[in-house]
Amino acid sequence: MADKTTITTVSNGAEAFLAQIKALGCVRYMFANTGTDHGPLIEAMAKTAREDPRDIQPIVVPHEQAAVSMAHGYYNVTQRPQMVLVHTLPGTANALGGVINAASCNVPLFLVAGRTPITEGELRAGKSQNIHWRQESRDQGNIVREFVKWDYEVRTNQNLAAVVSRAYKIAMSEPRGPVYMSLPREWLFESMESTRLLASEALAPASKMQADQAVLEKAADWLIASENPLIVTKYLGRNPEAVPLLVELAELLAVPVAQQLSYVNFPTDHPLYLGVQAIKYARHADLLFFIDTDVPWEPPSRDVLRDGVKIIHLERDPMFTAIPGWGFPADLPVTGCSEISLPVLTAIIRAKLAANPAMHGKLEERRKKIRGEHNQVIREMDESVEAVKEQKPIHPAWLSKCIGDAMDDHTIIANETITSKLAEVIHLNRPGSMYNTPLAGHLGWGLGAAIGMKLGRQDATVIAAEGDGSYMFCAPTACHFTAQKYRIPFLTVIYNNQVWNASLNAARGLYPDGVAARTRNFPGTDLSPSPDFELTARACGAYAARVEEPSEIPDALAKALKVVREERRQALLNVICKNPLS
Ligand SMILES: Cc1ncc(C[n+]2csc(CCOP(=O)(O)OP(=O)(O)O)c2C)c(N)n1
């Protein structure tokens, strides 16, 4: 490997580490929450800032979960992993929620933590502050180990090229995910003269998984033979370029598609789209094709399905090895990345259909039938909104509809609305226009993600749609601070129902006639009196308004979006919604 390297001049381990991260070529931002472990890195960054203002930009984020969420959002819209810098044990602990989210969505990022000094006076950068003893963990990586693909405590500054390139390649090889490195202060401080940078050829991640050709042939035969197939997907759209590939396959065979809107996986106005109630159509299907779906419905019983139904499941890891208990066995589990496996499947089907022109009539008949069902789904969705548009307090479906109407071709939504289900009542046809709460559902993602999305797509208008509970989980002061400091304009819309409705619903679901339901008292779920969230945002220079009248929402959104787009200033709307108990 030696001949594939270049040598660059540095003066210490910290400069060497940053040079290696820069050499990856993909890291534009370091979302940073620093501590006493980072002195050498802070000094090194000051030096690079003076020498090259376009170097990796440190972004100060006063909460670690928010920092990880920013890297998550940035990756969503760019597919480029970023770096998050946190402080030893406490920073790693605070980052964990974001790491759990990133892992569940296969989002790669570099979580880099300082490591408390270990020497006690022998070395200049050794323990020097009281806290250095109590923040020393026996095994710091253990905190995040269950949720990262790889963790490593760097032990010398001599092999950094190998360590950083390995971190990159592991994070970016499928299934992708976060990696963790910890950096002891002593060697960050240690003098060096140069570091070897790996050439880009040595940075190639492993190739994606292409599904087995013979298994795809079988899947094609099953799909062609099926009278009543259904495709169910949940996160195919995390690669927006995969969406047209799914459309092509569905159109070729006139297969209807139901989706859970974790991402925009399939255009909602497409005549083959059947909405979000997969189970409603799955009951009648003789073939189910799950693509990038972990939990198609719950509970996972086949009893609700037709006898003899066949299930094909295409996923990077169709055994879901990271989930301890998972009971949706498929008849044909197919390991593969949808974005490269679907075109091969489509080509196989196309060739088989060409040899069987008699299929044409059957497919056209099915296409017509599904179009009718699709029209019905869309009608019901639109009517459900019409029915509540004048309700006061505001119904969340009406607020969602207004947000949908305010979206232009460059709007992206980071959606953390939980039971308000923003995505399910609006028309979403553009791949990459909406990213939902991460699959692991560790709340406090949306504001950070929106900031990351805006940094990644400067041309976009970004809206963070938040439940009032989720908003508070986001460390809002930290996020609004960062947005103000770096002039990152985005709009926050709070669906303020003054309750953790998800917790309330879950209790009511288990005990429909229980004491809590009968007395309308669900202890541990009430979020009243609701804070004036406008003031939190205004404290960080935002435009903020409270909205209580349903008819005022369109204008309020238009005004706030104007501030975001024209003044390039963040904005917030605190929309007082229907409280489920009032
Ligand atoms: C970090 C974290 N803590 C707690 C929960 C449990 N939880 C799931 S949904 C929810 C309520 C969210 O409230 P809000 O955003 O207001 O949405 P609503 O349920 O009212 O629609 C809670 C507390 C969680 N998912 N993540």
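Residues numbered from 1 in each chain as written. Predicted model: local features only at pLDDT ≥ 70, side-chain atom pairs only at ≥ 80, totals over all residues. Heavy atoms only, no water.

A. The environment of Gln213, seen in detail. Here Gln213 shows up in helix H8 (residues 213-225). Since its relative accessible area comes to 43%, Gln213 is described here as partly exposed. Considering only alpha carbons, one finds Gln213 and Leu160, 53 residues apart in sequence, at a separation of 40 Å. Discounting residues that sit within four places of it in the chain, Gln213 has contacts with Val344 and Ile348. (Helix = DSSP H or I, 4+ residues; strand = E, 2+ residues; numbered from the N terminus. Buried < 20%, exposed > 50% of the residue type's maximum accessible area, 1.4 Å probe, protein only. Contact = heavy atoms within 4.5 Å.)

B. The arrangement of the site of the ligand in detail. Taken together, 18 residues lie near the ligand, and Thr419, Gly441, Gly469, Ser470 and Ala502 sit nearest. Thr419 places a polar side-chain atom, nitrogen or oxygen, 2.4 Å from an oxygen atom of the ligand. The side chain of Ser470 places a nitrogen or oxygen atom 2.7 Å from an oxygen atom of the ligand. If the ligand stood free it would expose 580 Å²; the protein chains cover 78% of that surface. Of the residues assigned to the shell around the ligand, the class counts are six nonpolar, eleven polar and one charged. (Near = heavy atom within 4 Å. Polar contact = N/O pair within 3.5 Å; in protein donor to acceptor, adjacent residues only side chain to side chain. Areas by Shrake-Rupley, 256 points an atom, 1.4 Å probe, with all protein chains shown as cover. Nonpolar A, V, L, I, M, F, W, Y, C, P; charged D, E, K, R; others polar.)

C. Region of the structure containing the environment of Asp269. Structurally, Asp269 is set in the loop between strand S10 (257-259) and helix H10 (278-282). Along the chain, Asp269 and Asn375 lie 106 residues apart, while their C-alpha atoms are 8.9 Å from each other. For Asp269, the residues in contact, after removing those within four places along its chain, are His374, Ile378, His427 and Asn429.

D. Highlighting the pattern of salt bridges. Inspection of the entire model under this criterion finds 30 salt bridges. Among the charged side chains, a salt-bridge network with shared partners connects Glu174, Arg176, Lys208, Arg316 and Glu339. (Salt bridge = Lys/Arg side-chain N within 4 Å of Asp/Glu carboxyl O.)

E. Structural view of the sheet that holds strand S4 (residues 83-86). In space, the six strands of this open sheet follow the order S3-S2-S4-S5-S7-S6, with parallel pairing throughout. Two strands bound the open sheet, and with one partner strand each, they are strand S3 (57-60) and strand S6 (150-153). Here the average twist between neighbouring strands, direction ignored, is 20°. Bridging between strand S2 (residues 29-32) and S3 involves four bridges; their strand directions are parallel. The partner of Ala32 across the bridge, within S3, is Val60. (Pairing = 2+ DSSP bridges. Axes fitted to C-alpha atoms, helices over the stretch in contact; angles between N-to-C directions.)

F. Up close: the nonpolar core. Within the largest apolar cluster, 91 residues are counted, with the highest numbers of intra-cluster contacts made by Leu288, Phe289, Leu342, Leu345, Ile349 and Leu491. In terms of nonpolar packing, the next biggest core, distinct from the first, is built from 53 residues, Ala449, Ala450, Ala464 and Leu572 among them. (Core = buried A, V, L, I, M, F, W, Y, C linked by side-chain atoms within 4.5 Å.)

G. Main features of helix H16 (residues 476-485). Along H16, the positions that sit buried rather than exposed are Pro476, Ala478, Cys479, His480, Thr482 and Ala483. Within two residues after H16, Arg487 carries a phi angle of roughly 50°, on the positive side.

H. View of the packing of aromatic side chains. Taken as a whole and judged by the stated rule, the model has eleven aromatic pairs. Note on Tyr263 and Tyr435: the rings are 5.7 Å apart at their centroids and 90° apart in plane angle, and the pair reads as edge-to-face. Residue Tyr263 is located in the loop between S10 and H10, and its partner Tyr435 is located in strand S15 (residues 434-436); the two are separated by 172 residues in the primary sequence. Given a relative accessible area of 4%, Tyr263 falls into the buried group. Every member of this aromatic cluster is reached through a ring pair, and the members are Tyr29, Phe31 and Tyr74. Positioned over the ring face of Trp222 is Lys310, at 5.1 Å from the centre of the ring. (Phe/Tyr/Trp six-rings, centres within 6.5 Å; stacked < 30°, edge-to-face > 60°. Lys NZ or Arg CZ within 6 Å of the ring centre and 35° of its normal.)

I. Broad picture of the state of the cysteines. Considering all chains together, one arrives at zero disulfides under this definition. Cysteine Cys479 remains unbridged, with the sulfur of Cys474 as its closest cysteine sulfur at 5.8 Å. Cys577 takes part in no disulfide bond, and the closest cysteine sulfur to it belongs to Cys402, at a distance of 11 Å. Here Cys577 falls in the buried class, since its relative accessible area comes to 3%. (Disulfide = S-S within 2.5 Å.)

J. Molecular detail of the side chain of Gln20. Assignment of secondary structure puts Gln20 in helix H1 (residues 13-24). On the basis of relative accessibility, which here comes to 3%, the residue Gln20 falls in the buried class. At 2.9 Å, the side chain of Gln20 forms a polar contact with the side chain of Thr195. In terms of polar contacts, Gln20 uses its side chain to reach the backbone carbonyl oxygen of Arg196, at 2.9 Å. When residues no more than four places from it in sequence are discounted, the contact partners of Gln20 are Leu160, Ala161, Val164, Thr195, Arg196, Leu197 and Leu198.

K. Spatial organisation of unusual backbone geometry. The amide bond that connects Glu174 to the next residue, Pro175, takes the cis arrangement and shows omega of -15°. Looking at the secondary structure, you find Pro175 in the loop between helix H6 (160-172) and strand S7 (179-184). Geometrically, the link from Ser528 to Pro529 is a cis peptide bond, its omega value of 0° lying close to zero. The topology assignment puts Pro529 in the loop between helix H18 (515-519) and helix H19 (533-538). At Arg487, a residue that is not glycine, the phi angle is positive and equals roughly 50°. Along the chain, Arg487 turns up in the loop between H16 and strand S17 (491-496).

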